[in-house]
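Architecture at a glance
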Amino acid sequence: MKKLLLLPAFLFIAGTAIAQKAYFQQDVAYDIKVSLDDVKHELNAFETIIYKNNSPDELTFIYMHLWPNAYKNNETAMGKQLKEDGSLFFYYAKDADRGYIDSLDFKVDGQSVKLEYVPGNIDIGKIILNKPLAPGGQISITTPFHVKLPSGKISRLGHIDQQYQITQWYPKPAVYDRDGWHEIPYLTQGEFFSEFGTFDVYITVPKNYVLGSTGDLINNPQEVAFIDSLWEATKKITKYDSKDDAFPASSKELKTLHYHQEHVHDFAWFCDKRYHVLKGEVTLPHTGRKVTTCVMYTNRYAHLWKDAVQYVNDALFYYSKWNGDYTYDVCTAVDGALSAGGGMEYPNITVIGAVQSALLLDIVITHEVGHNWFYGMLGSNERVHGWLDEGINSTNELRYVETKYPNNALVGGTAGPNGAAKKFDLDRYKHRAQYYQLYAFCARTHVDQPIETHSKEFTSINYGSIMYMKSAIIFDYLRTYLGDSLYDHCFQVYFDKWHWKHPGPDDIRAVFEKESGKNLSWFFDDLIKTDKQIDYKITSVSKPSEITKNQYTVFVKNAGEVNCPVLVSAMLNGKIVTSIWYEGFAGEAGLLFPAGDYDAFVIDQPEEMPEVNRKNNTAYTHGLFKKAEPLKIQFLGSLDNPTRTQLFWAPVIGTNKYDKIMVGAAFYNHVVPGKKFEWLVMPMYSTGAKTLVGHADAFYNIYPDNIFQRVRFGATVNQYHFYTIRDEDILEGTTNVPDRRLGWTKVAPEINFDFKKKTARSPISHSIRLRTIYLKTDRINTTSDSLGNGTWAIGYQERTFYEASYIFQHNRSVHPYDAKLTYQTGDFMSKLMVNLNYHININAKKTIDLRFFAGTFLGRQTSNNDYRFRMSGWSPNGFSNQDYLFDHIFIGRTERTGIWANQFAVEDGGFKAYSASGQSDKWLTALNVTVPLPVKNKVLGAIKFYGDFGLYNTTGLGSTTFMYNAGVQLTIVKNTLDIYIPLVYSSDIKDYYSANDVSFPERIRFSLNLHRMNPFYLLNNLDL
């Protein structure tokens, strides 16, 4: 027993020792000589690294990041991530567009060492030391290396023609700290973690290249004069030719530039022979030290970049003011062909991609320059704790915009009663609204992830909406709660203590809690580490009394999951009279408020708190409905306005063969970022039937925290006409036949279960749909007496169907597929169907599309021909309602001739050529194949070849019958309008054409999926 007890005791002691290991960081000094070959797009270099072991551990190996190898093939971590995210340029890239690093020959103190590659990650190497590196010791690591530069369309490293972005390009040791080694592969989503050190880099390029780089240019008066001459020339330009993008010939003479920088953990450089140059200077607010600023840009966006020096200056000033002064001497922003987002940061320099406005350029430059604090001087592990960099930096970006552009609106330029914003009830929203709305969109649909999520585990939408946007608004909430002075003090202490080091989440928390004197567990534990939501609501307000010492009592309930501070404001005539912060609490509390002349109390009136539900934040001190917001009737749509009960409307127009032109209006409550209960009513006047028709639906969304991601239930109602009574429909002798139409009404309640995905990034989804379809359709009842006189009347038929479907989707970016299994019963009919779609990728944009269908009746079915399986899909055909559930939109639902008779839905067999044969009351199976033309031309790219092949059996048919057809498909509007021209078909289709004298133009059919163009369909079927 004693021996058994020794093992846990030992582990406890060892664990305690690891937890208590003192902070340390390794020191690295680089000397790199590199030359650019701008014909072959290659780098040839030699590197010397002085690596000092400041750890208490003896090292027997060193991990080396060889990140250019991420561009070598599709099996790298980056290749897999890009594929998973649906970015297929790299997946189908040619060898000329790929990249790698080779010619490595590592030596330590002049002796060759073994290089091993980490299994599964060719961009991570491991050099095995010939002898251990003792604590306090240092070694010299040398190696030549050659980099084949990839296309700049892939990620951060590469070139577009002869514009170069040279980033993550040299072998560098992984970080070793108290948590051990941090060997990480290169990723596009998910940034970096490297050791601080000193860089001396000697860059050789053709003499006419303009180069921007990390570090200070050392002892090169010729290059200084060259840059200054470009600066002088640029200042004289009054108009740029944006179409003049040609690269001049490279100089045959070379130049070598030496750059030096200390206390940085990365080194990047950019060059282009077309760059214009502007320079400036900014004085830092705390030390008064001056920093040289510079921007480099091409003609393409020159009209936006002409003021960009001021953007760099302002970013340096405000970030220094709030966080601590910039510690380097230069800061540069360059215009580049960036693929990984709108901008990318490196020490002393940032590269900016395409932007659409001067304001956006200012914001992006500020964000990327700001990374010199959060990423640069505070070197957090942003692969694991991305919010310490991107999140906090986005907070400063938000504050910068609100400081520099206080009236900047979400839309329409300046906040206030401007045209577009006022028209759509958006004039109340300033710049910060975009941060909140993006977060709330994900949170309300419960697809959000905690901020403290590993970068590679975020979904694409959450990487932006959570790590950037949510982080920004919760830190801004913390600033509002603490006040600017205390908040800035905390960040400056954090900066002073941890700059040029590697702080983690516990380090920033320790500073904030110590300096503020507050327990911030609600912030760092709940808002950072979980997806818990904030929701305080006012339940009632009691007027002052003797018991409350003449104070109001505002009863507030914490309906959310976070016991965080809550701000309550007293209002009069829409303006704040006074505001009070209350510490967080669970349950319900009566908050005492000083007596005064108020007409309302509001939780978080400035909208600084990241509450997901703001509709319950207001209570009025008088009136019949003290918690009801005024009704706002709004044209078209808007964002969710918590101060109004919103009703939206929009004019609508539609048409079909029987209702003719339909005009009306839609009334609905759909908003962004979405509601639990959503409804739509769309009445229209039918000019053909001279009566009302239209559509209505109502759905409620539940987001249970169990096996289901969402449960959605509700109903749709439709009423239209589908037939115009003709003379041949009436018995002979009948007189005074009015112009009448037959109508249909459909009521379809349903419930949908969306299963929770195994992981947030999983491309696999499952759902179940259960629905009941009640149909009432008009019909003509005719009789005749003994004399042959006819009488007729419009009667009706009622039918009820039940349907259950299981839907499986594998939305992988290469070869995606989906399957649907459906069971239907009703009206003495029961059948089972399966539909499988498989897409074989040819390249990043084109696929061979396969569709497989199989269906069988289960037992006896009614003699009603409507329910038969049909090889030729579903078509208008008189009273034969092939679309018997009225799920599709047919312009001429019962037409037998004319253009609208050639519309069809790709259902059942999905044959593009029509034939009356191929109908089955037993079983049917079919395969549909679509193959695109192997051309890049956009017009020809809309042409595809199709082939349909099927087998069926039916009552009275002695054997199974095989059918086929093939032809040309013209895609007019993707997923909406396709035209099919049959060219080859089996004998039964050919016989049908001959027997019915079907001309070639009459054989051409088309599919028209109008529901995909309906904005309300998009709102109801938004899939994250």
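Residues numbered from 1 in each chain as written. Predicted model: local features only at pLDDT ≥ 70, side-chain atom pairs only at ≥ 80, totals over all residues. Heavy atoms only, no water.

A short note on a nonpolar patch on the surface
Taken together, the side chains of Leu836, Phe852, Trp923, Leu927, Phe949, Leu951, Phe962, Tyr964, Leu983, Val984 and Phe1000 define a hydrophobic patch exposed on the protein surface, amounting to about 930 Å² of accessible area. Secondary-structure elements contributing two or more residues to the nonpolar patch are β46 (923-932), β47 (943-953), β48 (961-973) and β49 (977-985). (Patch = residues over 30% accessible without salt bridge, like charges linked within 9 Å, V, L, I, M, F, W, Y side chains within 5 Å. Areas by Shrake-Rupley, 256 points an atom, 1.4 Å probe, with all protein chains shown as cover. Salt bridge = Lys/Arg side-chain N within 4 Å of Asp/Glu carboxyl O. Helix = DSSP H or I, 4+ residues; strand = E, 2+ residues; numbered from the N terminus.)

A short note on the packing of aromatic side chains
On inspection of all chains with the given rule, the structure shows 73 aromatic pairs. A centroid spacing of 5.4 Å and a plane angle of 85 degrees characterise the contact between Phe317 and Tyr318, whose relative ring orientation is edge-to-face. On the numbers, 6.1 Å between centres and 70 degrees between planes, the contact of Phe491 with Tyr494 is edge-to-face. One end of the pair, Phe491, and the other, Tyr494, are both in helix α11 (residues 484-498), 3 residues apart, so they sit about a helical turn from each other. (Phe/Tyr/Trp six-rings, centres within 6.5 Å; stacked < 30°, edge-to-face > 60°.)

Here's the deal with the sheet that holds strand β26 (residues 551-558)
Strand order in the open sheet formed by 3 strands is β25-β26-β29, and the pairing between neighbours is antiparallel. Strands with a single pairing partner mark the edges of an open sheet, and in this sheet they are β25 (536-542) and β29 (588-594). Neighbour-to-neighbour, the strand axes of the sheet open up by a mean angle of 30 degrees, direction not taken into account. In this structure, β25 lies alongside β26, joined through 6 bridges in antiparallel fashion. Opposite Lys537, over in β26, you have Lys557 as the bridge partner. (Pairing = 2+ DSSP bridges. Axes fitted to C-alpha atoms, helices over the stretch in contact; angles between N-to-C directions.)

Some points on the sheet that holds strand β11 (residues 163-166)
Read from one edge to the other, the open sheet built from 4 strands follows the order β10-β11-β19-β16, with strand pairing classed as antiparallel. Edge strands, defined here as strands with exactly one partner in the open sheet, are β10 (158-160) and β16 (210-213). Between one strand and the next, the sheet's axes are offset by a mean angle of 10 degrees, whatever the strand orientation. When β10 meets β11, the two strands line up antiparallel, connected through 3 bridges. Each residue of the ladder has a partner; that of His159, found in β11, is Tyr164.

Describing the layout of surface pockets
By volume, the second largest pocket is sized at about 880 Å³. Only α9 (433-444), β30 (600-603) and β31 (618-620) provide two or more residues apiece to the lining of the second largest pocket. For the lining of the second largest pocket, a count of residues per class yields 17 nonpolar, 11 polar and 12 charged. (1 Å grid on protein atoms, 1.4 Å probe; cavity = no way out; pocket = protein on both sides within 12 Å on 5 of 7 lines; lining within 4 Å. Points joined across faces, edges and corners; volume = space filled by probe spheres on them. Nonpolar A, V, L, I, M, F, W, Y, C, P; charged D, E, K, R; others polar.)

Some thoughts on the confidence of the model for the protein chain
Per-residue pLDDT for the protein chain averages 91, and the proportion of residues at 70 or more is 93%. Overall, residues 1-19 carries pLDDT values under 50, and its contacts beyond four positions in sequence, including any with other chains, amount to 0 contacts. (pLDDT = per-residue confidence, 0-100. Contact = heavy atoms within 4.5 Å.)

Section: unusual backbone geometry
Of note, Glu607 is a non-glycine position whose phi angle comes to about 60 degrees, a positive value. By secondary structure assignment, the location of Glu607 is in the loop between β30 and β31. One non-glycine residue, Asp827, lies in positive phi territory at about 55 degrees. Here Asp827 is to be found in the loop between β41 (817-826) and β42 (829-841).

A look at the environment of Asn953
Of note, Asn953 is situated in strand β47. For the pair formed by Asn953 and Trp923, sequence separation is 30 residues and the distance between their alpha carbons is 5.8 Å. Leaving out residues up to four positions away in the same chain, Asn953 has contacts with Ser920, Lys922, Trp923, Ser959 and Thr960.

Brief notes about α11
In this model α11 runs 21 Å from its N-terminal to its C-terminal C-alpha over 15 residues, within 8% of the 21 Å that 1.5 Å per residue would give. Tyr487, Asp488, Cys490, Phe491, Tyr494, Phe495 and Trp498 are the residues of α11 that are buried. Looking down the long axis of α11, one finds its buried residues gathered within 155 degrees of arc, a one-sided arrangement. Pointing more than 90 degrees away from the buried face of α11 are the exposed residues Ser485 and Asp496. Taken together, the buried residues of α11 touch α5 (308-323), α7 (390-404), α10 (460-482) and α12 (505-516). In the segment just after α11, Trp500 is the residue with positive phi, at about 70 degrees. (Expected span 1.5 Å × (residues − 1). Buried < 20%, exposed > 50% of the residue type's maximum accessible area, 1.4 Å probe, protein only. Arc of directions from axis to C-beta.)

Here's the deal with the packing of α5 against helix α6 (residues 358-370)
Look at α5 against α6: their axes get within 9 Å of each other, and the N-to-C directions meet at 45 degrees. The angle between α5 and α6 falls in the class oblique. When you trace α5 past α6, the crossing you get is right-handed. Seen from α5, the contacting residues are Ala308, Tyr311, Val312, Ala315, Leu316 and Tyr319; seen from α6, they are Ala358, Leu361, Asp362, Ile365, Thr366, His367, Val369 and Gly370. Partitioned by chemical class, the residues of the contact of α5 with α6 number 10 nonpolar, 3 polar and 1 charged. (Parallel < 35°, antiparallel > 145°, perpendicular 65-115°, else oblique. Left-handed = near helix turned anticlockwise from the far one by under 90°.)

Quick notes on the nonpolar core
Counting 166 residues, the largest nonpolar core has Trp169 and Trp269 as the members making the most contacts within it. Among the elements that line this core, the one with the most residues is α10, at 13 residues. When neighbours within four sequence positions are excluded, Trp169 is seen to be in contact with Ile32, Val34, Leu43, Pro68, Ile101, Phe145, Val147, Leu157, Val201, Phe267, Ala268 and Trp269. (Core = buried A, V, L, I, M, F, W, Y, C linked by side-chain atoms within 4.5 Å.)

Quick look at the pattern of salt bridges
All chains considered together, the criterion is met by 42 salt bridges. Lys404 is paired through a salt bridge with Asp362; the nearest N and O atoms lie 2.9 Å apart. A residue pair is termed long-range when its members are at least 10 positions apart, and Lys404 in helix α7 and Asp362 in helix α6 qualify at 42 residues. We classify Lys404 as partly exposed; its relative accessible area is 24%. You can call Asp362 buried: its relative accessible area is 0%. Among the ionic pairs, Arg432 bridges to Glu402, the shortest N-O distance being 2.9 Å. Within this pair, whereas Arg432 is found in the loop between α8 (419-423) and α9, its partner Glu402 is found in helix α7, the two being separated by 30 residues in sequence. On the accessibility criterion, Arg432 (13% relative accessible area) is buried. Residue class for Glu402 comes out partly exposed when judged on its relative accessible area of 26%.

Considerations on α12
Here α12 is 12 residues long and its end C-alpha atoms lie 17 Å apart, about the 16 Å a rise of 1.5 Å per residue gives. Among all positions of α12, only Pro505, Asp507, Ile508, Arg509, Val511, Phe512 and Ser516 are buried. Taken together, the buried residues of α12 touch α7, α10, α11 and α13 (521-527). At the exit of α12 stands Gly517, carrying a positive phi of roughly 70 degrees.

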